[in-house]
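Examination of the molecular architecture
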Amino acid sequence: MIIIAEKLNGTIPSMAKAIAGRDEEWIKDIARKEAADGAAFIDVCASVEVGEVETLHWMIDLVQSVTDVPISIDSPSTEVLAETYKFCEKPGLFNSVSMESKKHIDSIFKIMAENPGWEVIAMLCDDTGIPKSAADRLRVFDNIMKKAEEYGIDPSRIHIDPIIEAAALMDPDREDGPGITINTKVIDAIRAKYPTIHITSAISNISHGLPARKYMNYAFASLVLSHGLDSGILDPLNHGMHAIIDTTEKMLKLSDAEMQKIVGAVKEQTLEDVELPLPDGDFTPEEARKYAEMSATILAMKELQMTVEDLEPDEEDRDIQGVSYAAEALLGLDEDGYCMSYIEAYKDDLFGVPKK
């Protein structure tokens, strides 16, 4: 996965404080860590009411003083993006454009046409807002690609954001179906039509408002990777997320026979007898195995459309419980919708930090 590091963002309270206090060492330290932990781009977002261009310039200079990882310039204003890209020493990523008239997609595509190394995140929304169906989001996508063709922008330079809403707000009765079905339909259609395009998401958006958020984030990352997402805005310092991404990507490369063996083992609750691909990184054998088992469980539940009741995971295994309830909700298998089974399981102390 192409990791777009998210921590240098002024919407985060600690980062807002560092920006307001011009704490250069704080910002440089985070940039160093993000670069060391595998960031392909370091997102820089000022999120200030006054002096956004100047603040971004200052932040970009700080990041470039400690790493040569490309910058992702993050602003709701395309005018600001068009001004601040000039401060970058090498091509990076514009975050973001859309088909909203206020976003002025033409101005960014024109810059990209003149600066071949630059890439862009394009969100699937327009002046009607966030489309409520996969078909309407794909209509916006087609309009974006017409613009890209007009300016000679190759699909490989575009990261499409299908727009991920919080799982707790997803209406189980909407047109495309429950859970993340609207997103997986969009991802599948885009990936089939444009094999070289990138598809991205702000991973942690899915768990907004929910408890024990890591399990929802893990399940979401694994599921959307299996549909073709290859780029993500996330915290590269989160080694658990790294492990889930790594093990999921490795499992997706297995032969059908190898993967079916894993799926069968999850179904029969004999996963401990199966060899699994383990994550790279500084993990104990027990930790590495646990992340692999979580990824295997998520992918098997998708393959079999299996509920937690069908799976009957070990109640002593709080990690498997967590990702099982999360996967059930995201797959739209939670009968009540709105992640209610996930929330109730958390209240019943089946996962998350044990209650005293």
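So, here is what we can say about the structure in this document.

Let's shift gears to the packing of aromatic side chains. Under the criterion given, the structure shown has 12 aromatic pairs. Ring plane angle 90° and centroid distance 5.7 Å describe the contact between Tyr85 and Trp118, whose orientation is recorded as edge-to-face. Of this pair, Tyr85 sits in the loop between helix H4 (78–84) and strand E4 (93–99) while Trp118 sits in the loop between helix H5 (105–114) and strand E5 (119–126), and the two are 33 residues apart along the sequence. The exposure class of Tyr85 is buried, given its relative accessible area of 15%. A ring pair is formed by Tyr342 and Phe351, whose centres lie 4.8 Å apart and whose planes are at 45°; its orientation type is tilted. Among the residues examined, Phe351 registers a relative accessible area of 0% and is labelled buried. Aromatic rings pair up to connect Tyr215, Tyr218, Phe283, Tyr291, Tyr325, Tyr342, Tyr346 and Phe351 into one cluster. Against the face of Trp58 rests Arg22, its NZ or CZ located 4.4 Å from the ring centre.

Let us now look at the packing of helix H2 (residues 24–36) against helix H3 (residues 52–66). Where H2 meets H3, the axes come as close as 9 Å, and the angle between the chain directions of the two elements is 55°. By the angle class used here, H2 and H3 are oblique. In the packing of H2 onto H3, the handedness of the crossing is right-handed. For the pair formed by H2 and H3, the contact residues are Glu24, Ile27, Lys28, Ala31 and Arg32 on the first element and Trp58, Leu62, Val63, Ser65 and Val66 on the second. Looking at side-chain class alone, the contact of H2 with H3 contains 6 nonpolar, 1 polar and 3 charged residues.

So, on to the side chain of Thr248. Relative to the assigned elements, Thr248 resides in helix H9 (residues 239–252). When its relative accessible area of 0% is taken as the criterion, Thr248 is described as buried. Beyond its immediate sequence surroundings of up to four residues, Thr248 is in contact with Ser222, Leu225, Ser295 and Leu299.

Next up on the list: the pairing of E4. Among the 7 residues of E4, 6 are classified as buried, and the element is accordingly described as predominantly covered. Of the pairings in the sheet, the one linking strand E3 (residues 71–74) to E4 comprises 3 bridges and is parallel in character. Its bridge partner being in E4, Ile73 is matched across the sheet by Phe94. A crossover connection joins E3 to the parallel E4 through H4; in handedness this β-α-β unit is right-handed. Bridging between E4 and E5 involves 5 bridges; their strand directions are parallel. Across the sheet, the residue bridging to Val97 is Ala122, located in E5. Each parallel crossover has a hand, and the one from E4 via H5 to E5 is right-handed.

The subject of this paragraph is the sheet that holds strand E8 (residues 231–234). The strand order across the open sheet built from 8 strands is E7-E6-E5-E4-E3-E2-E1-E8, with neighbouring strands paired in parallel fashion. Whereas interior strands pair on both sides, the edge strands pair on one side only; in this sheet they are strand E7 (198–199) and E8. Relative to E7, strand E6 (residues 158–161) runs parallel, the two sharing 2 bridges. If you follow His159 over to E7, its bridge partner there is His198. Running at roughly 165° to strand E1 (residues 2–9), H2 makes contact with E1 and strand E2 (41–45) of the sheet.

The rules behind each value
Residues numbered from 1 in each chain as written. Predicted model: local features only at pLDDT ≥ 70, side-chain atom pairs only at ≥ 80, totals over all residues. Heavy atoms only, no water. Phe/Tyr/Trp six-rings, centres within 6.5 Å; stacked < 30°, edge-to-face > 60°. Helix = DSSP H or I, 4+ residues; strand = E, 2+ residues; numbered from the N terminus. Buried < 20%, exposed > 50% of the residue type's maximum accessible area, 1.4 Å probe, protein only. Lys NZ or Arg CZ within 6 Å of the ring centre and 35° of its normal. Axes fitted to C-alpha atoms, helices over the stretch in contact; angles between N-to-C directions. Parallel < 35°, antiparallel > 145°, perpendicular 65-115°, else oblique. Left-handed = near helix turned anticlockwise from the far one by under 90°. Contact = heavy atoms within 4.5 Å. Nonpolar A, V, L, I, M, F, W, Y, C, P; charged D, E, K, R; others polar. Pairing = 2+ DSSP bridges. Right-handed = clockwise from strand over helix to strand, strands pointing away.

Distances and angles like these do not, on their own, reveal function.
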